[in-house]
Amino acid sequence: VTIACKRVLDSCKKCISLENTRLALRRAPQGVAPFTFVNGLSTQVDATISDLSVTRLEERPCFARIKCTVSVPVQVTVDDASGVRSTVPSEIVVPEDIVMYVPEASMFPFEIVACASCNCAAGAFDADGNCNVTACMTVITKVIAETDLLVPAYGYCPTPTAVDYEEQICNRFFDLPMYPSGK
């Protein structure tokens, strides 16, 4: 069976603890100042990669230095002075400088993608209205390629017969073995 899919050729995970990180809020929180930080959570799994640079390493064939910037969307929850809760979109940007396996040139090129999860459990607003947080983030960077994989097949999957629910007195009798077991 041929399966068309995105094949992961290499991947790596980085767990990052970012203390005193400034969140660039895309708009000012609604409500009455001062604002109290409640939390910040990533809003999606896919992260955005920008400023990508792939430099092959001469001393290690099929490996390259991957430099990029990974942007992770974050939804910041705040309470205003009157206790009204609102959310403000933001993002955390982290630089990546890693070594990964990259295939040789082919008709169908590979691509570098990232996914991430972020939790900002602690934070506060400063006098300028900026939000500074401690962020716990996991970033997974992948080298992927569109491929057709050939997978051995042994026929179709068997489909079990449906069992209807019936409360019948004879079911226990019919489930008994045909002959007694023994020597």
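The structure contained in this document is the topic of the report that follows. (Residues numbered from 1 in each chain as written. Predicted model: local features only at pLDDT ≥ 70, side-chain atom pairs only at ≥ 80, totals over all residues. Heavy atoms only, no water.)

## A word on the pattern of salt bridges
Rules: We count a salt bridge whenever a side-chain nitrogen from Lys or Arg sits within 4 Å of a carboxyl oxygen from Asp or Glu. Each helix is a run of H or I in the DSSP string that is no shorter than four residues. Each strand is a run of E no shorter than two, and both are numbered from the N terminus. Burial classes: relative accessible area under 20% of the type maximum marks a residue as buried, over 50% as exposed, and values in between as partly exposed (1.4 Å probe, protein chains only).
Under the defined criterion, the tally for this structure stands at six salt bridges. Between K6 and E146 there is a salt bridge whose closest N-O contact spans 3.9 Å. One end of the pair, K6, is in strand 1 (residues 2-23); the other, E146, is in strand 7 (residues 131-150), with 140 residues separating them in the sequence. Residue classification places E146 among the partly exposed positions, given a relative accessible area of 46%. Salt-bridge contacts for D79 lead to R85; the nearest nitrogen and oxygen are separated by 2.8 Å. Note on D79: relative accessible area 17%, which makes it buried. A relative accessible area of 53% means that R85 is categorised as exposed.

## Regarding the pairing of strand 4 (residues 63-79)
Note on strand geometry: in a regular strand, side chains alternate between the two faces of the sheet. Selection criterion: A pair of strands is considered paired only if DSSP assigns at least 2 bridges between the two.
With respect to burial, strand 4 is a largely interior element, 13 of its 17 residues being buried. Examined bridge by bridge, strand 2 (residues 36-42) and strand 4 share six bridges and lie antiparallel to one another. Paired with S42 across the bridge in strand 4 is V74. Across seven bridges, strand 3 (residues 46-56) lies against strand 4 in antiparallel orientation. Looking at strand 4, one finds that S50 is bridged to T69. The antiparallel pairing of strand 3 with strand 4 creates a hairpin that spans six residues between the two strands, and C62 there sits at a positive phi of about 70°. With 17 bridges joining them, strand 4 and strand 5 (residues 85-101) adopt antiparallel strand pairing. If you follow V74 over to strand 5, its bridge partner there is S90. Turn length for the strand 4-strand 5 hairpin, with the two strands adjacent in sequence and antiparallel, is five residues, and the turn residue G83 shows positive phi of about 90°.

## Overview of the state of the cysteines
Just so we agree on the cut-off: Cysteine sulfur atoms that pair up within 2.5 Å are treated as a disulfide.
Throughout the structure, instances matching the rule amount to zero disulfides. With no disulfide of its own, C12 lies 9.3 Å from the sulfur of C68, the closest cysteine sulfur. Overall, C12 belongs to the partly exposed group, its relative accessible area being 26%. Sulfur of C115: no disulfide; nearest cysteine sulfur belongs to C12 and is 10 Å away. Classification of C115 by relative accessible area gives buried; the value is 13%.

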